[in-house]
Each structure stands twice: as structure tokens, then as C-alpha cells.
Amino acid sequence: MGSPSNKHRTFTSHNHHRLCTRTHQIAALAIIIVTFFISRLLYQSPPCASQTPASQLPASRAALRVNGGEFLSWPDRGYGSQLSLKIYVYEEDEIDGLKSLLYGRDGSIPAEACVAGQWGTQVKIHRLLLKSRFRTRRKEEADLFFVPTYVKCVRMKGGLNDKEIDQMYVKVLSQMPYFRLSGGRNHIFVFPSGAGPHLFKSWATYLNRSIVLTPEVLGSWYHLERPCKYVRWELPILELIDWKSQFQFGGCQSFIGDRTDKKNISAFNTWKDIIIPGNVADEMTGNGATLVQPLPLSKRKFLANFLGRAQRKVGRLQLIELAKQYPDKLESPELQFSGPDKLGRIEYFNHLRNAKFCLAPRGESSWTLRFYESFFVECVPVILSDQLELPFQNVIDYTQVSIKWPSTRIGPQLLEYLESIPDKAIEEMISRGREMRCWWVYASESEPCSAMRGIMWELQRKVRAFHQSTETFWLHNGSIINRNLEQFSNWKPPMPLP
């Protein structure tokens, strides 16, 4: 019940409010009018994003210009609205053995010797991450960890043999507490060739959860001593694979990849791995004058060309024979890539630019660097590799800039089809490719369009808030322990790998 004083309390409005004057009314009307006109102006204006040039797009978004200036970007779903990554890059002196995977057993192979050619992505990605604004020097706050190695180059130059590579990887990984903590799920490795992770023979034991960056989904040039009944025997017999690096299902040796052109031997898994562009020569990808300038269509001598070695591959041999039948339409010279008659870089690109269409058949594996090179001489690439996978498929529609023809239909019909395409349609494809090719250039992720920016977006999709492995356990207070109940901060190398 209220007090008696409350019952008799009275309230008078004039004690708290002033009368509304004519000045107040005019001011209120003015506010209404101004608000009305501002709303109309905003309503009639087109969205700001459609007026923003690519060079001025916010750094948080990656834009792709197609079809007359329209912009596409990485979808919010699964990626987020902006790049927000923290990547730790292991220092070469930080872990015993890492220098050997970079420069060879005696440190005699310089990085500059490895940066050119199709294997250069290992060096370029490493260098770009060292300068990246997303790099962190604190392991405890990192989303991802990058392990720099140049093993493809080092192996080809005799710096390490296969056994040494295998032993050195295991040695390095055993010194990484954070690798053990996540089972390797937040660790990034680059394998820049068709061999893929098979350069590390025990990859299936130790890297089967890690993020692999590679231009190739196959990664399978090791031969099986006792293959599954589905494995084809056309694999090059280079070396017997370590049985420990395979999983056995019903007595049949199998691999864990899910995208391949040969059954049960792929190291690539779409759930965790990322397709990256091949490494085109820097002299062709710069913003200024390039090594070779494209020719106008009217000045190109050939309808199509194929520049490459036969390698005893059916599709390549068919193209060489087709060029002999139609020498005025298809150029396919027997090129030498070594020895005194080796084709120079300028000569190679001069050949490549002299046709309207650049044919890109498979080689030892599905991918081919020629696909990416063709964009920089403004030649429409024709993919003749049925299992080829291409990067950044969430934003790039490859039907707009290339042609894919069945490799089983290589013959006069292919040339007839290419000849039927009007120059106007070819010019339109070249124009779209000219706008899209920046995604093949290994430049900083701060550029509105670059291979590194695309890779960063794909890496962001792999980030997890929580990591676990079979050798990681946790308590009620969130502390991480191992099987011996030791706190994570007390884990000392060398550690058993998950």
C-alpha cells in the first residue's frame, strides 16, 4: 500500500515543460524537409560498390572484374567478410634440419636458384608471407603455421636424396610442439610440382591432416610394388613407396586423396588442400614492359600451337602428328629444353604468342604451366587434360576465358571447331582473360588481385577455432596435456609425432 502522502500528491505540467513556440515549430518542419531530401538522394543513388574502381576496393575484399567491369569477390559464406588471419612462419634457424630442406645438406643451393621455373612457388610464397601484414611472430596467437621448404628444387639439384628428404622432414616435424598439438591440421606446406607431397615419402603418415598448397591434384609419381587392382601400370617407375606411408584396406594399398586421374594414389584432399596457380616467369607478369608483347590476331601465323615435349604421352603424340598433317594451322615443333639447342625463354614466348589458341595437353600429370602462360601472350588456352583442376573456382568461371576439349577427341575435328570461332569471340575471351590473369601473379596479398591474395582467402576458409589430434587431450580448465599428462608448455622436442 502507498503512503497517505502519495494519494494527495498532484503534478502540474507547467512546472516541467515549456510551451511550444513558433520557433520550435519552424525548426521541426525544417528538419523534416531536410530528412526527406536526403532520403530521396540516397534512395536514387546506385550502390557505392558498383562505382568503386578495383584499385580502390577495401583491403578486406578481393575483387575480380569480369564482363564489362562487374565485380565478383570471395563469398561471405565459409570465408567471412574480410581477411583476418594470423600466420606464423617458422624461421630457418629455429628448427634443426629446416635449413637442409631449404638449401640442401651442405647449404650450397641458394634460394635464387630455386625461384625461377615452375617450382618457384615454394620460394615466392615463403618470401611473401615473411612480408605479409598477416604474419605474426607469436605462436600462441597464430591461426596457421607455415613450414618453408624448397625440397623440389633441392632434390633436382642434388642437394638431398629421397631418403634424406624423408628423414629430415620427420626430424623437423618432431621439433614442433604446435604441429603435435593439432596433429598438423593448422600447418601449411607447399609442394609445387606434379609429384606433390610424395617428395616426402612418409607424407601419408605425417602430413595427412596438414594443408597442402599445390598446382596439381595428383601428386603420384611413385610406383607401387603391389598395386591395387585398379591402379594403372602406366606410372613412371621411379621408386618404390614406403609401405608405412599407405593405408591398407582389405589387403589393398590405398591413398587418402579424393581427386586424381589415377585410382587410389592421390595425395590431394579437397577438404584440406588448396590448388594454387603455376609459377609464370616474372618477366611476363610485370606491370611494365614484358619480355614479349602479344601480337594482334591478324598478325598471328597459326590457328593453334602446342609447345612441349612428347614425353611418350598419347595426347602430345597425337598433337605432333596432327601438326604434320596441318602444318599451316597447327605449330608443334620438336623443342629442345636442354643441351646446345635449348629453346630460350624469349624464343619460347615468341612461339607461344604466334597462335590464336594455345593447346595444353597433360604431361606426366594433369596440370600444365602452359595454361597459365597463355594468358600473358593473350592466347586462348585449350585444355586437353580431362582431370585438370584449376585454382579459385569459387570466384572464377573458366568457361569465360578458356576452352576445355575432350582429350579423347584430339584430331581434325578439334582444328575445325577452333577455326569456326569468329575473331570477335576470340577477342572477347582474350579481353576477359586480360582482366583475370592477375590472379596468376605472385605478388603481395595487399594487391587487389594477386595469386597470394587468392591463397589467403582460401587459407582463411581452413582456419579452425579448435584443434585436436589423437595425441592431444584437455582438462576441465582448458589446459592441454599429452598422453603422459604433461602440460603443453612442458612438451620438449623431439616429440613423438601424431
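Only a predicted model underlies this, so the values are computations on that prediction, with no experimental measurement involved. (Residues numbered from 1 in each chain as written. Predicted model: local features only at pLDDT ≥ 70, side-chain atom pairs only at ≥ 80, totals over all residues. Heavy atoms only, no water.)

For the rest of this paragraph, the subject is the environment of Arg300. Mapping Arg300 onto the fold places it in the loop between α9 (282-285) and β11 (302-305). Separated by 53 residues in the primary sequence, Arg300 and Arg353 have C-alpha atoms spaced 7.6 Å apart. A distance of 2.7 Å separates the side chain of Arg300 from the backbone oxygen of Leu295, its partner in a polar contact. At a separation of 2.8 Å, a polar atom in the side chain of Arg300 contacts the main-chain carbonyl oxygen of Glu378. (Helix = DSSP H or I, 4+ residues; strand = E, 2+ residues; numbered from the N terminus. Polar contact = N/O pair within 3.5 Å; in protein donor to acceptor, adjacent residues only side chain to side chain.)

As a packed pair, helix α11 (residues 345-352) and helix α12 (residues 369-376) sit with axes 10 Å apart at the nearest point and diverge in direction by 80°. As summarised for this structure, α11 and α12 are arranged roughly perpendicular, according to the angle between their axes. Of the residues in α12, those in contact with Tyr348, Phe349 and Leu352 of α11 are Arg370, Glu373 and Ser374. Tallied by class, residues from the contact of α11 with α12 come to three nonpolar, one polar and two charged. (Axes fitted to C-alpha atoms, helices over the stretch in contact; angles between N-to-C directions. Parallel < 35°, antiparallel > 145°, perpendicular 65-115°, else oblique. Contact = heavy atoms within 4.5 Å. Nonpolar A, V, L, I, M, F, W, Y, C, P; charged D, E, K, R; others polar.)

Right, let's get into empty space enclosed by the protein. Enumeration over the complete set of coordinates arrives at one cavity of 30 Å³ or more. Of the volumes computed, that of the largest cavity is approximately 50 Å³. Lining of the largest cavity is provided by Ser374, Phe375, Glu378, Cys379, Val380, Pro381, Val401, Met429, Ile430, Gly433 and Arg434. Those elements giving two or more residues to the lining of the largest cavity turn out to be α12, β14 (380-384) and α14 (423-436). No other element matches α14, which puts four residues into the lining of the largest cavity. (1 Å grid on protein atoms, 1.4 Å probe; cavity = no way out; pocket = protein on both sides within 12 Å on 5 of 7 lines; lining within 4 Å. Points joined across faces, edges and corners; volume = space filled by probe spheres on them.)

This part covers the nonpolar core. Within the largest apolar cluster, 57 residues are counted, with the highest numbers of intra-cluster contacts made by Ile125, Leu213, Trp440, Met456 and Leu459. Only β3 (87-89), α4 (121-130), β5 (144-146), β6 (187-190), β7 (211-214), α11, α12 and α15 (451-460) provide two or more residues apiece to this core. The dominant element in this core, judged by the number of residues it contributes, is α15, at six residues. The contacts of Trp440, once residues within four sequence positions are left out, are Pro277, Gly278, Phe371, Tyr372, Phe375, Phe376, Pro391, Phe392, Ile396, Tyr398 and Ala451. (Core = buried A, V, L, I, M, F, W, Y, C linked by side-chain atoms within 4.5 Å. Buried < 20%, exposed > 50% of the residue type's maximum accessible area, 1.4 Å probe, protein only.)

Pairing is parallel across the open sheet formed by five strands, whose spatial order is β12-β11-β13-β14-β15. Here the strands that pair on one side only, and so sit at the sheet edges, are β12 (330-331) and β15 (403-404). Across two bridges, β11 lies against β12 in parallel orientation. Across the sheet, the residue bridging to Asn305 is Glu331, located in β12. (Pairing = 2+ DSSP bridges.)

Running from amino to carboxyl end, α4 crosses α15 at an angle of 75°, the nearest separation of the two axes being 11 Å. The orientation of α4 with respect to α15, classified from their angle, is roughly perpendicular. Each of Ile125, Leu128 and Leu129 in α4 lies in contact with α15, whose residues at this interface are Met452, Ile455 and Met456. Class assignment of the residues belonging to the contact of α4 with α15 gives a composition of six nonpolar, no polar and no charged.

Here the focus is the pairing of strand β13 (residues 355-361). Among the seven residues that make up β13, seven are buried, leaving the element largely enclosed by the rest of the structure. Direction of pairing for β11 relative to β13: parallel, over a ladder of three bridges. Of the residues in β13, the one forming a bridge with Asn305 is Cys358. Examined bridge by bridge, β13 and β14 share five bridges and lie parallel to one another. Residue pairing for β14: Phe357 is matched across the bridge by Val380. What joins β13 to β14 is α12, and the crossover it makes is right-handed. (Right-handed = clockwise from strand over helix to strand, strands pointing away.)

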